[in-house]
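Observations on the model geometry
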Amino acid sequence: MKNNTIVIPEFARHFLMTSILLCCLALLPACDSYLDRAPELPLDDEVVFTLFSHAERFHNDLYANLQARFNAVGDYQPVPMSSASDESDSPLGSHGTQNFNMGNYNGNDADLGNYYGGIRKVNIFLSKTEIIPFPSETKKKQMLGEAYFLRAFYFNEIIKRFGGMPILDESKILLPGDDLNLPRNSYKDCVDFIGEDLKKAIQMLPVTLPETEYGRATKGAAMALKARILLFAASPLWQKEMNEDLWQQAAEAAQAVIDLKDENGVKVYELYSTGAGAGDYEQLFFKRRENGNKEIIFYKHASPAGFNSNEIKVWSPSGGKFGGDGAVCPTQNFVNLFEMANGKFITEINSGYNKQNPFVNRDPRFYKTILYNGCQWQGETLDLTYNSNKDLSGTHRQTKENTRTGYFVRKYLPEDVKYNTTNTAYHNWIYFRLAEMYLNYAEALNETLAVPSQEVYDAVNAVRSRSGVAGLPANLSKDQMRERIWNERAIELSFEEHRWWDARRWEKAVDWFGGAMYEMEITKENGKLIYAEKPFYTRIYRSYMDLYPIPTDEIRKNPLYYQNPGW
């Protein structure tokens, strides 16, 4: 049989090898976890794919290109994407988000090699399915469904950054010497291609999995990706190119996830709720499906994390006995988005907001998302007042550089995972959860109506009520409901990398991310605390930044590329 070598464009050429790479399973003991990977060695494709155990290991490796996005940006001391949005700031070290905030995007968060590398592996697998001795038709359908889902997932990560990019499927098996310069496809072409992959995945994937396979893709994961992609394609950034109104399709796709049932007629997904209100909101990020959390649809499967993992240490507060880097500091811009407990914005008349007592009677999720002056954390009371004397001990701010904004993050931090302990907790990056589907449905449905329907209210209030948040006010106009949904997404989905993309697809990033970022400066005068919102940094954001630039090196390599407008 002829051995083919898959060759892909220059942006991922460093992934090209002259033969297929796979685990040398015959020489190594079996891995306990389906996501464990052995060292890679070149093997003939006949050897790899005509033995099911080898083909299965290759298939498992298709998941390896999924990224946990806790600290996704920057080569040195990487931090979350939230610090390039108005959610937070990362003042320490040399972070990739600082380049974003100055308007310099070249290569930051591009990840073209990673995502096209994942697509390449999927295409290799799909091109060999005829010679793989699958043990059953059921197993074959599941493995193919996972492959189609992952190709759609990886490709969506590319197009939401850059717009239309080259489509690569299993038919593009190019030989050395072939023309590797491929033109960019349109965004619509890419969405259509992804849609076809997801159609296959939805048909093939099981609704539920045994506990031993949690972390793999399911029918619900493919449906959730479809719902999100349609929401993006329907949004203002892409409406003109799509040349059709997709809001209704987006609403129906999200509703299908919400309504999905298993073979016994039981809904597959539920908001995580034990009656603890906002405490359930906090805990859902530390509990998996086997722990009773049916809200998670798809996540990055990982072992429990300890304090010294970057995903916890980087986010944990500094000062006192905390031992963290304190590198993710919520901005005052973001904190001001939290409503009052009565459901009013802090700027509304009779909201009850007091500028000199700003942390009282806020949305219950505020207290599970933000560490603020005077709150309790790991047995300590945080002192985030500004002190010019760097030698003061026992405080957690000391200087503006310690937390430039006057806040630390609480969300994602399991309180029992502490400095100088061996405590661990499940801490998986969640790609899709049911709360997002409710908000996707509400947003899309609202855009199809002249005035919000009860179904729109019900979807948003389902998310709010889980955390004990007051219901939306009645008689909202379509525009008012849209702004409420924007705000609800900002709070409920904070630090989950939604705000960064929501701002772009709605063409609101100039308003939300550009200009002054504010801190809460807290000082003491005669024993009394004085709160003052003050700008600490002016960020640069222009409308053309809604799309990333094609990295300069890629433009030089491929003369068929055209740069995104404005760059």
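Use the structure listed above.
Residues numbered from 1 in each chain as written. Predicted model: local features only at pLDDT ≥ 70, side-chain atom pairs only at ≥ 80, totals over all residues. Heavy atoms only, no water.

Per the counting criterion, the structure on display carries 46 salt bridges. Residue Arg-161 is joined to Asp-109 by a salt bridge in which the shortest nitrogen-to-oxygen separation is 3.2 Å. Of the two residues, Arg-161 is situated in helix α5 (residues 137–162) and Asp-109 in the loop between α3 (96–101) and α4 (112–127); the sequence distance between them amounts to 52 residues. No difference in accessibility class separates Arg-161 from Asp-109, as the two residues are buried. (Salt bridge = Lys/Arg side-chain N within 4 Å of Asp/Glu carboxyl O. Helix = DSSP H or I, 4+ residues; strand = E, 2+ residues; numbered from the N terminus. Buried < 20%, exposed > 50% of the residue type's maximum accessible area, 1.4 Å probe, protein only.)

Turning to its location among the elements, Tyr-548 is positioned in the loop between β14 (528–539) and α19 (552–557). When the C-alpha atoms of Tyr-548 and Asp-109 are compared, they prove to be 8.9 Å apart, with 439 residues separating the residues in sequence. Residue contacts for Tyr-548: discarding those within four places in its chain leaves Met-81, Phe-100, Tyr-105, Asn-108, Asp-109, Arg-161, Phe-162, Trp-500, Trp-501, Arg-504, Asn-564 and Trp-567. (Contact = heavy atoms within 4.5 Å.)

Attention shifts here to the packing of aromatic side chains. The final tally for this structure, using the stated rule, is 45 aromatic pairs. Their ring planes at 40° and their centres at 6.2 Å tell us that Tyr-115 and Tyr-154 sit as a pair that is tilted. Highlighted residues: Tyr-115 in helix α4 and Tyr-154 in helix α5, separated in sequence by 39 residues. Classification of Tyr-154 by relative accessible area gives buried; the value is 0%. Across from the ring centre of Tyr-562, 4.5 Å away, lies the NZ or CZ of Arg-184, which sits over that ring. Cation over ring: Arg-484 sits above Phe-345, and NZ or CZ is 4.1 Å from the ring centre. (Phe/Tyr/Trp six-rings, centres within 6.5 Å; stacked < 30°, edge-to-face > 60°. Lys NZ or Arg CZ within 6 Å of the ring centre and 35° of its normal.)

As paired strands, strand β13 (residues 515–525) and β14 are joined by 11 bridges and run antiparallel to one another. Bridging from a neighbouring strand, Ala-516 pairs with Thr-538 of β14. Taking the residues that link successive antiparallel strands as the turn, the β13-β14 hairpin has two residues, and the phi of Asn-526 there is positive, at about 55°. (Pairing = 2+ DSSP bridges.)

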